[in-house]
Every structure is written in structure tokens, then in C-alpha cells.
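Reading the structure
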Amino acid sequence: MTPDELHALWKAALGELEVTVSGANFKTWFKNSILLKVDRSTISVGVINSFTIDWIKKHFENDLISILNKHYKKHELKKIDYTILAQSRITKTKAIVDPNQVSLLSDSQATETKPTNISAQHAANSSNLNPRYTFDSFVVGSTNRLAHAAAIAIGTKDSKDYNPLYIYGGVGLGKTHLIQAVGNAILKQDASKKVIYVSCENFMNEFVASISSGKKDEFKKRYRNVDLIIMDDIQFIAGKVGTQEEFFHTFNALYQQNKQIILTSDKVPQEIPGLEARLSSRFSAGMVADIQPPDAEMRRAILQVKCQEKGYKLDPEIINYIADNVESNIRELEGALTTVQTHLAVSDTPPTLSDVQEAIRGMVKQNKKKKQLSTDHVNSIICEYYNVEREDVVGPRRHKEYVRPRQILMYLLKQELGMSYPNIGHYLGGRDHTTVMHGFDKIDKELKKNSDLLGEIQEIKEQLYRV
Ligand code: ADP
Ligand code: MG
């Protein structure tokens with residue numbers, strides 16, 4: 001069969017199948033597929049990863065074969081063979097047989113199909129990924145759920161819904177682990193994918209070195225010819241004009257080819273000082289998700305996982321003690337475990353609680369927290385104070401009488417509960433994090449010159465903490 005005939009057959013079959021499958025599912029699994037050949041009773045189909053093969057086999061294979069048989073009369077078709085192809089090869093083939101589908105890849109960018117048995121390890125090495133960082137070893141809890149969900153969608157479902165994915169949060173909270181897990185998962189499915197992990201600092205250093213050694217083109221090629229770029233700690237780009245310019249072009253080149261971009265930082269794009277507006281708006285254009293410090297339950301879960309990984313046997317009471325007292329971040333939790341372990345190494349008996357207390361004394365925070373507030377509690381006190389209804393504050397109405405309490409709510413959720421802008425937006429009926437930032441800033445600025453407002457907020461706070 002000619003390429004045109006193959007294409008026509010595939011198109012007809014998929015057209016029929018599409019009616020019976022949900023739209024999103026269909027797009028996910030068949031968007032990047034081509035019919036390669038029909039050889040007697042065997043059909044060869046090209047897809048982009050092994051995940052797709054499993055899925056098609058499990059859910060659509062029988063239907064596909066019978067539909068194909070309706071359209072193809074020469075032989076009875078019985079079997080499908082699958083081949084994994086580079087995205088560029090699929091795009092190219094489609095563009096040849098169906099010129100309406102404009103290919104975004106130029107010839108020089110198209111890579112040849114690679115055999116899929118290249119060791120994932122090898123591919124991982126050239127991507128700078130640490131194989132230890134996987135989804136399997138990542139504990140999910142309320143404070144990282146959103147970031148994790150987006151990462152999983154990109155890493156295992158080939159989703160392009162979150163582009164760019166921008167994850168921010170404090171040190172030691174798992175940003176690097178999570179984003180590298182995406183890269184590792186993608187390479188595990190398809191070792192021919194080009195994945196690059198780079199810290200912002202290394203990107204900068206390489207860029208500068210490429211200019212001084214006259215190899216700027218090589219640098220460009222390296223970073224603009226990938227399926228996934230993961231850039232860690234992007235806040236360090238602040239104030240570096242040349243690197244920002246270069247990254248702006250890298251970003252656009254990848255984005256236009258529908259390649260995935262993942263970034264991390266310690267703050268939202270709008271708060272990185274010295275970051276050009278054109279970059280900050282691009283960084284915010286996809287999904288912005290935060291990771292907050294783990295709560296007690298999650299700290300316990302993490303300790304249990306780490307003990308298992310390392311083969312430590314600790315009493316539940318000791319795990320609880322560490323979880324309740326080492327609160328700041330996950331790197332510290334790991335540090336506490338190592339300290340306990342070092343302590344153990346010099347004695348033959350299992351550690352007692354007081355051994356552990358002694359060992360990690362320096363890590364335990366003194367004078368613990370003020371009263372724990374809930375979002376709903378803060379909301380209801382504000383509603384009472386301004387005599388408005390909860391629905392009006394959370395809802396979309398823009399009357400002045402609701403906007404004010406809403407902004408005060410944004411301010412207090414941030415200030416008193418330490419909630420992130422995206423989470424506050426989520427709580428307030430799905431508002432964008434930039435809206436929340438704007439509300440927060442407005443109150444924050446006004447407080448400095450409006451003593452009436454200051455008084456109101458003080459009264460609200462008193463009511464919040466009243467026992
Ligand atoms: P960040 O990049 O946010 O500073 P890292 O990703 O370097 O933090 O994480 C610090 C350490 O804590 C790493 O050893 C990582 O494996 C571990 N860690 C962080 N989050 C988790 C998690 N949710 N589950 C398991 N380990 C975690
Ligand atoms: Mg990091």
C-alpha cells in the first residue's frame with residue numbers, strides 16, 4: 001500500500017473509533033499514531049511510547065481490528081504490531097501524507113527513529129538526571145498534591161495540559177526530586193526522548209562559556225532541540241540580562257514546538273526581583289503550583305518510607321517524636337534520620353526515645369506555634385465583621401462591599417496561615433494566583449497609610465485568636 005492509502009485507511013478507522021471513545025481519551029492515545037504497513041494479516045502501527053501501546057492493547061485493540069477489517073477487504077486482519085517512533089518521525093510522516101497538518105519541525109530538527117532498547121540509564125546520564133529521584137520514592141500529601149498531580153500527568157500520561165509547569169516552594173521540600181521524577185518517568189517509557197535537566201546556574205555558566213569560546217550555536221542547538229527541558233531554581237536568572245534574553249528565545253522555540261518546559265523557583269514569577277515581565281508572564285501562562293512544608297501526617301509517612309529504603313528499624317514512638325519536632329523541611333527530616341543512624345552505629349542497643357531526643361536536640365524547634373487557624377474560621381470571622389455572606393466573598397461578585405472583605409481574607413490567609421497564592425485562589429472559587437497577589441498587595445500597601453484599616457485588621461485578628 002502507498003503511504004496515502006495507509007493514511008486513508010487509518011483515518012477512516014480512527015474516524016469510526018472516535019465516535020465510541022471519549023474525546024480526551026481518543027486524543028491522548030491516537031493523536032500521535034500512524035499506520036506503517038499492512039502485511040497479509042498483520043497491521044503495523046507506529047506510536048510514540050510504550051504507554052500508548054499498553055493502553056491501546058487493553059482498551060481498543062479488538063475494536064480497532066474489527067473496524068479495520070470493515071475497510072480493508074484484501075485479507076482478514078488479525079494482529080497489530082506496534083513500533084515506537086520519535087515524535088518528529090510521526091509528525092513528519094503525517095505532514096507528507098496530509099499537508100493540512102502543518103509540521104512544526106523543520107527537517108534539521110527531525111531526529112531519526114531510534115531503537116527503543118537504548119538503556120534508560122544511558123539516556124538518563126546524558127540528561128543529568130539522578131535515577132534516585134522517582135515518583136515511586138516520592139511521598140504525596142496535602143502540601144504537594146497539586147504539584148505532584150501535574151508532574152504525574154506530564155511524566156506518565158504524556159499530557160501537554162500544563163505547559164510550562166512552574167513549581168515553587170522553600171528549600172528542601174522536594175522540588176528537585178519531583179521534577180527529576182518527571183524526566184526519569186519519560187525516559188523509562190521511551191528512551192529515545194530528549195530530556196535535559198539543568199540548574200539555572202549551570203545554564204548560565206554554559207551560556208557564558210559558549211560565548212567566550214565561540215560556540216553559541218552549539219549551545220543553542222543543545223537546548224532548543226529537546227522534548228523536555230527541566231530548569232531548576234530559575235530565580236537565579238534574576239538580573240542576568242544576557243541569560244534572560246537567551247532563555248527567552250529557548251523558551252519560545254520549545255514552546256512553539258509544543259515541547260514541555262518545567263521550571264522551579266523559590267517564589268512565584270511575579271515576585272522574582274529583576275525578572276523581565278515578558279519572562280514572568282510566560283512562566284505564569286501554564287500551571288503554577290506550590291509545595292509547602294509537610295504537615296505532621298506527611299512527615300510521619302516520609303520517615304517511614306525513608307526508614308524502609310535505608311533498612312532502619314525505629315520504634316513508632318521515635319518516628320512520631322521526629323515527625324512532631326522536626327518541622328521545617330524534608331531535607332532536615334532526612335538529616336534527623338541520618339543523625340539517629342550515626343548515633344546508633346556506635347552502640348549495640350536500639351535507640352531509646354531519650355537517645356533520639358538527645359541526638360537531634362539541635363534540630364528541634366523551640367517555642368512552638370500559635371493557635372492553628374482554619375481557612376473557614378478566618379472567612380467566617382471576616383464575614384461577621386463586615387456583615388456579608390460567605391458565598392458573596394468566595395463568589396464572583398465585584399461589588400465594593402464584597403471586594404474589600406475578599407481582599408482582607410486574601411491578606412490574612414497569606415499572612416496568618418502562610419497559604420500560597422495559588423491555594424488561596426483555589427479556596428476563593430478558583431481565582432488566579434495573580435488576582436490573589438494583587439489583592440494582598442493592595443491591602444499590604446494601604447495598611448501603611450490607612451490607620452482605620454489597620455484598626456479593622458487588628459480587631460479581626462483579635463477575634464481570630466480569641467480562645
Ligand atoms: P528542593 O529542591 O525543594 O530544595 P529536594 O528535591 O532537593 O528539595 O528534596 C530534599 C530531599 O528530600 C531529597 O533527598 C528528596 O529526595 C527528599 N524529599 C523531598 N520531598 C520528598 C517527598 N515528598 N517524598 C520523599 N522524599 C522527599
Ligand atoms: Mg532543589
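Before any of the text, the structure's been laid out above.
Residues numbered from 1 in each chain as written. Chains lettered and ligands numbered in written order. Predicted model: local features only at pLDDT ≥ 70, side-chain atom pairs only at ≥ 80, totals over all residues. Heavy atoms only, no water.

With that settled, consider the overall build of the protein chain. When helices and strands are tallied, the protein chain shows 21 helices and eight strands. When each of the 467 residues of the protein chain is scored for burial, the buried share is 48%. A sequence separation of at least 24 residues applies to 73% of the contacts in the protein chain between residues at least 6 apart. For the protein chain, the accessible area works out to roughly 23,800 Å², and carbon and sulfur atoms hold 50% of it. (Helix = DSSP H or I, 4+ residues; strand = E, 2+ residues; numbered from the N terminus. Buried < 20%, exposed > 50% of the residue type's maximum accessible area, 1.4 Å probe, protein only. Contact = heavy atoms within 4.5 Å. Areas by Shrake-Rupley, 256 points an atom, 1.4 Å probe, with all protein chains shown as cover.)

Moving on to the site of ligand 1. In the vicinity of ligand 1 lie 18 residues, with Val 139, Gly 172, Lys 175, Thr 176 and His 177 positioned nearest. At a separation of 2.8 Å, a nitrogen atom of ligand 1 approaches a polar backbone atom of Val 139. Between ligand 1 and Lys 306 there is a distance of 2.8 Å, counted from a nitrogen atom to a side-chain nitrogen or oxygen. When contributions to the shell around ligand 1 are tallied by element, the ones reaching two or more residues are α7 (175-189) and α14 (330-345). Looking at the shell around ligand 1, its residues break down into six nonpolar, seven polar and five charged. (Near = heavy atom within 4 Å. Polar contact = N/O pair within 3.5 Å; in protein donor to acceptor, adjacent residues only side chain to side chain. Nonpolar A, V, L, I, M, F, W, Y, C, P; charged D, E, K, R; others polar.)

Attention now moves to helix α12 (residues 296-310). Taking 1.5 Å per residue as the helical rise, α12 with its 15 residues ought to reach 21 Å, and the 21 Å between its terminal C-alpha atoms agrees with that figure. Among the residues making up α12, those that are buried are Met 298, Arg 299, Ile 302, Leu 303, Lys 306 and Cys 307. Lining the buried residues of α12 we find α13 (316-325) and α14. Positioned one or two residues after α12, Gly 311 has a phi angle of 70 degrees, which is positive. (Expected span 1.5 Å × (residues − 1).)

Attention shifts here to the side chain of Asp 227. With respect to the helices, strands and loops of the structure, Asp 227 is situated in the loop between α9 (216-224) and β6 (228-232). A polar side-chain atom of Asp 227 sits 2.7 Å from the main-chain amide nitrogen of Lys 194.

What follows concerns the nonpolar core. Of all hydrophobic cores here, the largest spans 56 residues; its most connected members are Ile 234, Phe 247, Leu 263, Phe 283 and Leu 412. Tallying contributions element by element places helix α18 (residues 400-417) first for this core, with seven residues. Those residues in contact with Phe 283 that sit more than four places away from it in its chain are Pro 164, Tyr 166, Ile 234, Phe 247, Phe 251, Leu 263, Pro 269, Leu 275 and Val 288. Phe 138, Ala 185, Val 195 and Ile 230 belong to the second-largest nonpolar core, a separate cluster that totals 26 residues. (Core = buried A, V, L, I, M, F, W, Y, C linked by side-chain atoms within 4.5 Å.)

Let us look at the packing of aromatic side chains. Applying the stated criterion to the full structure yields 14 aromatic pairs. Residues Phe 203 and Tyr 223 carry aromatic rings whose centres are separated by 5.0 Å and whose planes lie at 75 degrees to one another, so their mutual orientation is edge-to-face. Here the residue Phe 203 occupies a position in helix α8 (residues 200-212), and Tyr 223 occupies one in helix α9, the gap between them amounting to 20 residues. On the basis of relative accessible area, Tyr 223 is assigned to the buried category, the value being 0%. Between the aromatic rings of Phe 247 and Phe 283, the centroid separation amounts to 6.1 Å while the plane-to-plane angle is 65 degrees, which identifies the pairing as edge-to-face. With Phe 247 in helix α10 (residues 241-256) and Phe 283 in helix α11 (residues 277-283), the pair connects residues that are 36 residues apart, well separated along the chain. Here Phe 247 and Phe 283 have matching classes, each one buried. Taken together through their ring pairs, the aromatic side chains of Tyr 166, Phe 203, Phe 207, Phe 219, Tyr 223, Phe 247, Phe 251, Tyr 255 and Phe 283 make up a single cluster. (Phe/Tyr/Trp six-rings, centres within 6.5 Å; stacked < 30°, edge-to-face > 60°.)

Turning next to the sheet that holds strand β5 (residues 195-199). Working definition: the strands of a sheet are paired by backbone hydrogen bonds and lie parallel or antiparallel to each other. One open sheet accounts for five strands, arranged β5-β6-β7-β4-β8; its pairing is parallel. The sheet is open, and its two edges are formed by β5 and β8 (287-291), each paired on a single side. Within this sheet the neighbouring strands show an average axis-to-axis angle of 15 degrees, counted without direction. In this structure, β6 lies alongside strand β7 (residues 260-265), joined through four bridges in parallel fashion. Within β7, the position partnered with Ile 230 by the bridge is Ile 262. Each of β6 and β7 touches α10; the most contacted strand, β7, lies at about 140 degrees to it. (Pairing = 2+ DSSP bridges. Axes fitted to C-alpha atoms, helices over the stretch in contact; angles between N-to-C directions.)

Attention now moves to the packing of helix α6 (residues 145-157) against α7. Contact geometry for α6 and α7: axes closest at 8 Å, N-to-C directions at 20 degrees. Regarding the angle of α6 to α7, the classification is roughly parallel. Judged by the sense of rotation from one axis to the other, the crossing of α6 with α7 is right-handed. In this structure, α6 uses Ala 147, His 148, Ala 151, Ile 154, Gly 155 and Thr 156 to contact α7, whose residues at the interface are Leu 178, Val 182, Ala 185, Ile 186 and Gln 189. When its residues are assigned to classes, the contact of α6 with α7 shows seven nonpolar, four polar and no charged. (Parallel < 35°, antiparallel > 145°, perpendicular 65-115°, else oblique. Left-handed = near helix turned anticlockwise from the far one by under 90°.)

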